[in-house]
Amino acid sequence: MNGHTPDRREFLALAGTGLVGAVAGCTEPTASDSMEGSSSHSISQEIDPDKRADGSTYTDVYEAVIDSVAQVRALGAGSPYGGDRSGGQGSGFLVDDTHLVTNEHVVAGADTVDLQYINGDWSATKIVGADFYSDLAVLKVDHVPDEATPLELAAERSVVGQEVLAIGNPYGFEGSMSKGIVSGVNRTLDMPDRTFSFSNAIQTDAAVNPGNSGGPLVNLDGEVAGVITAGGGDNIGFAIPSAVASRVVPSLIETGTYDHSYMGITLATVDRYIAEANDLPEATGVIVTGVESGDPADGVLRAATPRPRDSIPVGGDVIYAIDGEPIPDRHALSSHLALRTSPGDTIEIERWRYGDETTVSLTLGERPSAN
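Procedures and definitions
Residues numbered from 1 in each chain as written. Predicted model: local features only at pLDDT ≥ 70, side-chain atom pairs only at ≥ 80, totals over all residues. Heavy atoms only, no water. 1 Å grid on protein atoms, 1.4 Å probe; cavity = no way out; pocket = protein on both sides within 12 Å on 5 of 7 lines; lining within 4 Å. Points joined across faces, edges and corners; volume = space filled by probe spheres on them. Helix = DSSP H or I, 4+ residues; strand = E, 2+ residues; numbered from the N terminus. Nonpolar A, V, L, I, M, F, W, Y, C, P; charged D, E, K, R; others polar. Domains from an automatic or database assignment. Contact = heavy atoms within 4.5 Å. Buried < 20%, exposed > 50% of the residue type's maximum accessible area, 1.4 Å probe, protein only. Pairing = 2+ DSSP bridges. Salt bridge = Lys/Arg side-chain N within 4 Å of Asp/Glu carboxyl O. pLDDT = per-residue confidence, 0-100. Axes fitted to C-alpha atoms, helices over the stretch in contact; angles between N-to-C directions. Parallel < 35°, antiparallel > 145°, perpendicular 65-115°, else oblique. Phe/Tyr/Trp six-rings, centres within 6.5 Å; stacked < 30°, edge-to-face > 60°. Lys NZ or Arg CZ within 6 Å of the ring centre and 35° of its normal. Core = buried A, V, L, I, M, F, W, Y, C linked by side-chain atoms within 4.5 Å.

## Some remarks on the layout of surface pockets
Over the atoms a probe the size of a water molecule is rolled, and this reveals where empty space is left.
And then number 1: Taken as a whole, the largest pocket holds about 820 Å³ of empty space.
And then number 2: Lining of the largest pocket is provided by 39 residues; of these, F196, S197, S334, L337 and R367 occupy positions nearest its centre.
And then number 3: Put simply, the parts of the chain that give the lining of the largest pocket at least two residues each are β8 (176–189), β9 (198–204), β12 (236–241), α7 (242–255), β13 (261–262), β14 (265–269) and α9 (330–340).
And then number 4: In terms of residues, the lining of the largest pocket owes the most to one element, α9, which gives six residues.
And then number 5: Of the residues contributing to the lining of the largest pocket, the split by class is 20 nonpolar, 12 polar and seven charged.
And then number 6: Here the lining of the largest pocket gathers at least three residues from each of two domains, domain 2 (162–255) and domain 3 (261–366).
And then number 7: Each pocket or cavity is described by its volume, and for the second largest pocket that value is around 560 Å³.
And then number 8: What lines the second largest pocket is a set of 25 residues, and nearest its centre among them are R157, N186, N200, S335 and L339.
And then number 9: Considering only residue class, the lining of the second largest pocket consists of 12 nonpolar, eight polar and five charged.

## Observations regarding the environment of V144
And then number 1: Tracing the backbone through its elements, the reader meets V144 in the loop between β6 (136–141) and β7 (163–168).
And then number 2: When near neighbours in sequence (up to four residues on either side) are disregarded, V144 contacts L94, D97 and Y117.

## Focus on empty space enclosed by the protein
And then number 1: One pass over the structure, following the stated rule, counts one cavity of 30 Å³ or more.
And then number 2: Computed from the structure, the largest cavity encloses a volume of approximately 60 Å³.
And then number 3: Along the walls of the largest cavity sit I66, V69, A70, Q71, Q116, Y117, I118, N169, E174 and G175, which together make up its complete lining.
And then number 4: In terms of residues, the lining of the largest cavity owes the most to one element, strand β1 (residues 69–75), which gives three residues.

## Things to note about the side chain of S158
And then number 1: Looking at the element boundaries, S158 is found in the loop between β6 and β7.
And then number 2: On the basis of relative accessibility, which here comes to 8%, the residue S158 falls in the buried class.
And then number 3: Excluding anything up to four places from it in sequence, S158 contacts V182, V185, I202 and A225.

## Details of the pairing of strand β4 (residues 112–117)
And then number 1: Taking every second residue as pointing to the same face, the buried face of β4 carries V113, L115 and Y117, while none of T112, D114 and Q116 on the other face is buried.
And then number 2: When β1 meets β4, the two strands line up antiparallel, connected through six bridges. By the bridge assignment, L75 is partnered in β4 with T112.
And then number 3: Relative to strand β5 (residues 122–131), β4 runs antiparallel, the two being bridged by three bridges. Within β5, the position partnered with L115 by the bridge is S123.
And then number 4: Following β4, the chain reverses through four residues before pairing antiparallel with β5; G120 in that reversal takes a positive phi of roughly 100 degrees.

## Describing the pattern of salt bridges
And then number 1: A full pass over the atoms with the stated rule returns six salt bridges.
And then number 2: Residues R272 and E276 are paired through a salt bridge, measuring 3.6 Å at the closest nitrogen-oxygen approach. Of this pair, R272 and E276 both sit in helix α8 (residues 272–277), separated by four residues, roughly a single helical turn.
And then number 3: Assessed through its relative accessible area of 53%, E276 is described here as exposed.
And then number 4: Between R353 and D317 there is a salt bridge; the shortest N-O distance is 2.7 Å. Here the residue R353 occupies a position in strand β20 (residues 346–353), and D317 occupies one in the loop between β17 (313–314) and β18 (318–322), the gap between them amounting to 36 residues. Exposure class is identical for R353 and D317. Each is buried.
And then number 5: The network of salt bridges with common partners includes D317, R351 and R353.

## Side note on the confidence of the model for the protein
And then number 1: Averaged over all residues, the pLDDT of the protein equals 86, while 83% of them reach at least 70.
And then number 2: Scored below 50 in pLDDT, residues 1–35 makes 13 contacts in the model with residues more than four places away or belonging to other chains.

## Topic: the packing of α7 against α9
And then number 1: Where α7 meets α9, the axes come as close as 9 Å, and the angle between the chain directions of the two elements is 40 degrees. On the basis of their axis angle, the class for α7 and α9 is oblique. The residues of α9 that touch α7, namely those facing A243, V244 and R247, are A338, L339 and R340.
And then number 2: The residue makeup of the contact of α7 with α9, split by class, is four nonpolar, no polar and two charged.

## Focus: the packing of aromatic side chains
Each aromatic ring pair is specified by the distance between its two centres and by the angle formed by the two planes.
And then number 1: Applying the stated criterion to the full structure yields two aromatic pairs.
And then number 2: Ring plane angle 70 degrees and centroid distance 5.7 Å describe the contact between F132 and Y133, whose orientation is recorded as edge-to-face.
And then number 3: Assessed through its relative accessible area of 13%, Y133 is described here as buried.
And then number 4: The side chain of R367 reaches across the aromatic face of Y133, ending 4.7 Å from its centre.

## Some points on the sheet that holds β5
In a beta sheet, neighbouring strands pair by backbone hydrogen bonds and run either parallel or antiparallel.
And then number 1: Here we have six strands rolled up into a closed barrel, ordered β1-β2-β3-β6-β5-β4, and antiparallel in their pairing. Averaged over all adjacent pairs, the angle separating strand axes in this sheet is 40 degrees, with direction ignored.
And then number 2: Along the sheet, α7 contacts β3 (99–102), β5 and β6; its crossing angle with β6, the most-contacted strand, is approximately 45 degrees.

## Comments concerning the nonpolar core
And then number 1: Formed by 22 residues in total, the largest nonpolar core has its most connected members in V65, F93, V101, L136, V218, V227 and V249.
And then number 2: Of all the secondary structure elements, the ones that give two or more residues to this core are α5 (57–65), β6, β7, β11 (224–233) and α7.
And then number 3: Split by domain, the residues of this core number at least three in each of domain 1 (55–141) and domain 2 (162–255).
And then number 4: Ignoring anything within four residues of it in the chain, the contact list for F93 reads S68, V69, H99, L100, V101, L151, L153, G214, G215, P216, V224 and V227.

Below you can see the structure in the form of structure tokens.
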């Protein structure tokens, strides 16, 4: 050796010519060395089939959670909401000693719902409650294995960059896990078969496929950050956040239903074009584009009308705060209603109307039935 240490460029060049091993190891292999290196010792050595790899932190979380996750199989015909939604196959997880959470769309219209735990045990179930608008359902199970314990809903709000694990049964492959991060929060999802959108959804790049629906998206403490509800495309999946589940699930267990707050309006987020057309001081808030007759906002809020030349809404109320909390867009309004209000609550709406800032009270109603 001459003591020369190659820099990065020289190292890559040596690697390309096959010389990096000689430089890094400071030896020059002979022909006999090469032949000895081809010995079949590593192939012929006896392998212990019961010896396990060390795993990782993710392995620890998986082993702590997996006994509480089940494969859900729903059989039935028809649906109370119309269309061909006869249930299907998905995932679920124990939320207490006798109840399991899954997606409403997994069990909708099913005559019978069975589930299988990772240890192979089967259990019959009874649907005790389902909520079309949050896509959550609760099953009462006949059997819980001794090793299965309820999973806790995370008390902390998910943040972008947080590591999460999707655990469930994609395509029927039971006990699967995929790793990713929270890649977005406060997503509003407009689903093709639903009049109202899902609010506050968590976006993740953890692999989510058919069969994952209803399974837990857990953090590295093994807490449920969200209930997986949909895969939106390559590297995009969505989950109903624990903050929503913590409001909906107890109500489904107790009464079988959950009542969502309702204003009775249609709206649009204020962009710069809407702001300019309405002489607003800044592009923020939501503009009311429609008010349903006889609903809570009727006589309280004023709807805009489309401008003939470009259909930009003009002249309606622009909501920029509710109960003192800024409402910069439709996501913020949906989140406020979903997480901070209930039907019958009276909210204070700060609005712009024809350039004047005023505050008005509105008593929330109950969202119409999905039937």
